[in-house]
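A look at the structure
The primary structure of each chain is shown beneath.
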Amino acid sequence: MKLLLILLTALSSLLSTLEQKILQSDFTITMTSKDAQPITYAGTFTIQGEKFLLNAFGMEAAYNGENMYLYQEETDELTISYPTQEELYQTNPLLFAKALSASSNITEKAAADGKTVLITLTPKDKTTDIERMNVRVRVRDNMPILIEIKEPQRSSTMRMGHPQFISAAPPFIIEKDGAYINDLR
């Protein structure tokens, strides 16, 4: 009965946990397409609710609930803006999962060993580019360990390396002394 309850509430439990706790992890993201070799990038992130810090793809990104900060080391440029929902979803896949859950069929399936649950979100609107999103969650602590987005011609798979909940929240902003500031607010 306990496993059934976990299965029925895995997605809502994950989203609730991410509102209350601060998740920090390193990750790799692998992007594949039908016509090219897979490409893998490494990075780190910290997430609490909608707020996040991300370091990957040669850039740093942060969102503090109001402003988005993007720092490009190559150009030493810090862009500050009010992001659109689409920009937030592209930067934070867990926010995208939350938004997608409102318009998707959701299935949750426990692994045979009972240690993880696979949550699959399949958009009801078949005209969207997303075929499905999979989120694998570790049952014992509601820890997301894998996020996969499937599109018709490509897919992206994000694997968390050492996810953990931390106690002290960072400021969720980026400040770079001497950087060119591109303020779009």
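This part covers the pairing of strand β2 (residues 36-48). Looking down a regular strand, the side chains alternate between one sheet face and the other. Sheet analysis places strand β1 (residues 22-33) next to β2, joined by 10 bridges and oriented antiparallel. By the bridge assignment, L23 is partnered in β2 with I47. The loop that links β1 with its antiparallel partner β2 comprises 2 residues. The sheet contact formed by β2 and strand β3 (residues 51-56) spans 6 bridges and is antiparallel. Its bridge partner lying in β3, T44 is registered against N55. In this antiparallel pair of consecutive strands, β2 and β3, the connection spans 2 residues, and G49 shows a positive phi of 60°.

Time to look at helix α3 (residues 93-101). An α-helical segment advances 3.6 residues per turn. Residues three or four places apart therefore align on the same side. With 7 of its 9 residues buried, α3 lies for the most part within the structure. Residues P93, L94, L95, F96, A97, L100 and S101 constitute the buried set of α3. Capping of α3 at its N-terminal end is provided by N92; its side-chain oxygen lies 3.0 Å from the backbone amide nitrogen of L94.

Moving on, we come to the nonpolar core. Core analysis: the biggest nonpolar cluster contains 35 residues, and F27, F45, F52, I119, M133 and V135 have the highest contact counts within it. With residues near it in sequence (within four places) discarded, F52 still touches T46, I47, A61, A62, Y63, M68, L88, T91, N92 and F172. One finds A62, Y71, I174 and A179 within the second-largest nonpolar core, a separate group that totals 7 residues.

Look at F57: it is not a glycine, yet its phi comes out positive at around 60°. Along the polypeptide, F57 turns up in the loop between β3 and β4 (59-63). Its identity as a non-glycine residue notwithstanding, D76 has a phi of 55°, on the positive side. Positionally, D76 belongs in the loop between β5 (68-72) and β6 (77-81).

Bringing the pattern of salt bridges into the picture now. Side chains that differ in sign of charge can pair as their charged atoms come close. In this structure the tally under the stated criterion is 7 salt bridges. Between R154 and E151 there is a salt bridge; the shortest N-O distance is 3.1 Å. On the basis of relative accessibility, which here comes to 17%, the residue E151 falls in the buried class. Taken together, the salt bridges that share partners define one network made up of R138, R140 and D141.

With respect to the helices, strands and loops of the structure, Y41 is situated in strand β2. Between the C-alpha atoms of Y41 and M31, which are 10 residues apart in sequence, the distance is 8.5 Å.

Considering the arrangement of structural elements, one finds Y69 in strand β5. The spatial distance from the C-alpha of Y69 to the C-alpha of E151 is 28 Å, given a sequence separation of 82 residues.

What counts and what doesn't
- In every chain, residue numbers begin from 1 and rise along the written sequence.
- Given that the model is predicted, a residue must reach a pLDDT of at least 70 before its local features are reported, and side-chain atom pairs must reach 80 or more before they are shown or counted; all residues, however, enter totals for whole chains, interfaces and linings.
- Side-chain figures throughout are based on the complete set of non-hydrogen atoms in the structure, without hydrogens or water.
- Pairing between two strands is assigned when DSSP locates at least 2 bridges connecting them.
- Helix and strand labels come from DSSP, where a helix needs a run of H or I of at least four residues and a strand needs a run of E of at least two; each type is numbered from the N terminus.
- Three labels apply to residues, based on accessible area from a 1.4 Å probe with only protein chains included: buried if under 20% of the type maximum, exposed if over 50%, partly exposed otherwise in between.
- Pairs of N or O atoms within 3.5 Å make up the polar contacts considered here, provided that, within protein, one atom can donate a hydrogen while the other can accept it, and that residues adjacent in sequence are counted only when both atoms are side-chain atoms.
- Within this scheme, the nonpolar core is defined by two criteria: the residues are buried Ala, Val, Leu, Ile, Met, Phe, Trp, Tyr or Cys, and they are joined through side-chain atoms within 4.5 Å.
- Working rule for contacts: check all heavy atoms of both residues, and any pair within 4.5 Å makes them a contact.
- Counted as salt bridges are all cases of a side-chain nitrogen of Lys or Arg within 4 Å of a carboxyl oxygen of Asp or Glu.

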